[in-house]
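# Structural overview for review
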Amino acid sequence: MTDRRLWPHPQPVIVDDRHHLKAAQRYLYRLGTLQRTDTPCPRLLVRPTPGAGDELTLGLDLLAALGKNPEGLRRDKIGGAGWELARAWLTATGITDLLIDRANTLPTGRITDLIALADELGMWLWLIWSGDEHLGPTMKLIVDAGYPDQVIRPQDLPDVLPLPAPARPDHAEPWPALPAADFTTFRAACRRHLSPRAFARADELYCGAVGRVHAWMADRDPRLYDWLALPSPALIDIGTDLIGWLRDTHLGPTAEPAAALIVLRATQAALFRHAILLRWTPAALGPAPAARLPGDLTPARARDLAALAPTDHVAATALSLHLNLPPTHFGCFRYGDLAADASHLAVPPPHPHPPSPQSKLFYAPNGAPTTLTVADGELACQGPILIPPHARHLLAAHQALRHRQNAGDDQPLFLNDHDPARNPAALLLERTIRTCGRLNLNPPWLHRDPCKYGADVGLTPRSYGWLNERALVLRQLDRDLIARLTSPPVGRPS
């Protein structure tokens, strides 16, 4: 039996299936089952198009193996960019093993391209040889590339390339109907209406959310948990960071509507102690308002986006869904602002752009608006952005493509491919609208002006942002009064 641990580094390997054993078919069937059940697996099976041996078709075969919709590839007119796009997506998805079925049907030029691709990306290349063609020319290509000519049997595949067990669906316990009380009486209403077991579950989530809010506020000012450090920081100083934290870490990642409602009520109660009123108007969201609280870039939508090939379309749409903002200011981001693992986007260097005439977001205690508006508070480029883990590969693919284009750290992350000197905002907007249309989405923040839907016509321009799409508004309360009415938190939460 072959032990891959004895091989020092990734290399091309020939799987000799010229006798058409069932072992290779069973292995490939199990690998296909993992892909159908969305089980994370670093192996990728590529089935080349029969009778086609050109580089363009092989690039499209790689994209199809990566889950790209073939009809979408035709619509996007990928053309000669297919090979570069396949390279970018392979880099982003973390594939470690590339299995080529019916490798004996490929011409030597395409096998050479696959060996070079695997060598560049540090992947293992497994050439499943299921025909009567002689192995000599292919083995010579492998030796010429600087690798030993390794040949294994199909029955060794499960030992050399073990596969994980298929993922099982998560059957979580459903949440009961929660009371519609405001945050001031929500916890008491849960204690009164829920069963003891359901209340214990809800209260654990509630108390955990309260503790995270207090810990986040303490990180803004470590003296906050000293008795002499009150009142809390002003909303005008922490507003942008607070919105980003609620969106990226605290409330947005909550998947279930009921859990999101509990976290919201706990957050409202905790922020009230810091003289910040987080108002929620569920009547403005229609039926099932709690379902609007979680983030819009869900794992299901990330999978749908991953079925599209153009990296700039996908990355811009993912950011737009996550931020609930049009890609108007995505041109502000530099290539160096995106982390190496695509986990977050840093704040770009200071740059001017005209503010939009949007409605006010933050208010002083007497009701007078402050100088911080929606345009200043929920611009995409005015705060760090934490990318959800299930969507990081969407931006990593675009990052890999821009790296192949020799982009410097100070060059734009999103480029106007028609004229690189122009702002890409208009082009990104049209591509984001078209991409959302393919996903059967019609986000209100992407409606063209003037919007034809209801109250948006002829009235105050509709303001966009993560808070506005959830009918949330932040208000600054009298900090001295709140400090006298509430006792300071005792001890910093662990």
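The following paragraphs examine the structure supplied in this document. Everything numeric in this text was worked out from a predicted model, so none of it was measured.

## Overview of the sheet that holds strand S2 (residues 43-46)
Reading across the sheet, the five strands line up as S2-S3-S4-S1-S5 and stay open at both edges, with parallel pairing between neighbours. Two strands in the sheet have a free side with no partner beyond their single neighbour: S2 and strand S5 (150-152). This sheet shows a mean twist of 25° between the axes of neighbouring strands, independent of strand direction. Sheet analysis places strand S1 (residues 12-16) next to S5, joined by three bridges and oriented parallel. Paired with Ile14 across the bridge in S5 is Val151. Strand contacts of helix H1 (residues 22-36): S2, strand S3 (97-100) and strand S4 (124-129), with the helix running at about 110° to S2, the strand carrying the most contacts. Those strands touched by helix H6 (residues 136-144) are S1, S4 and S5, and its axis lies near 160° from that of S1.

## Quick look at the packing of helix H9 (residues 196-220) against helix H11 (residues 257-272)
It is the contact of H9 with H11, at a shortest axis distance of 8 Å, that shows an interaxial angle of 45°. Here H9 is positioned oblique relative to H11, judged by the angle of their axes. You can see that H9 and H11 cross each other, and the crossing is right-handed. Listed contacts from H11 to Ala202, Leu205, Tyr206, Ala209, Val210, Val213 and His214 of H9 are Ala259, Ile262, Val263, Arg265, Ala266, Thr267, Ala269, Ala270 and Leu271. Its residues placed into classes, the contact of H9 with H11 shows 13 nonpolar, two polar and one charged.

Quick notes on the rules
Residues numbered from 1 in each chain as written. Predicted model: local features only at pLDDT ≥ 70, side-chain atom pairs only at ≥ 80, totals over all residues. Heavy atoms only, no water. Pairing = 2+ DSSP bridges. Helix = DSSP H or I, 4+ residues; strand = E, 2+ residues; numbered from the N terminus. Axes fitted to C-alpha atoms, helices over the stretch in contact; angles between N-to-C directions. Contact = heavy atoms within 4.5 Å. Parallel < 35°, antiparallel > 145°, perpendicular 65-115°, else oblique. Left-handed = near helix turned anticlockwise from the far one by under 90°. Nonpolar A, V, L, I, M, F, W, Y, C, P; charged D, E, K, R; others polar.

Keep in mind these values describe shape, not function.
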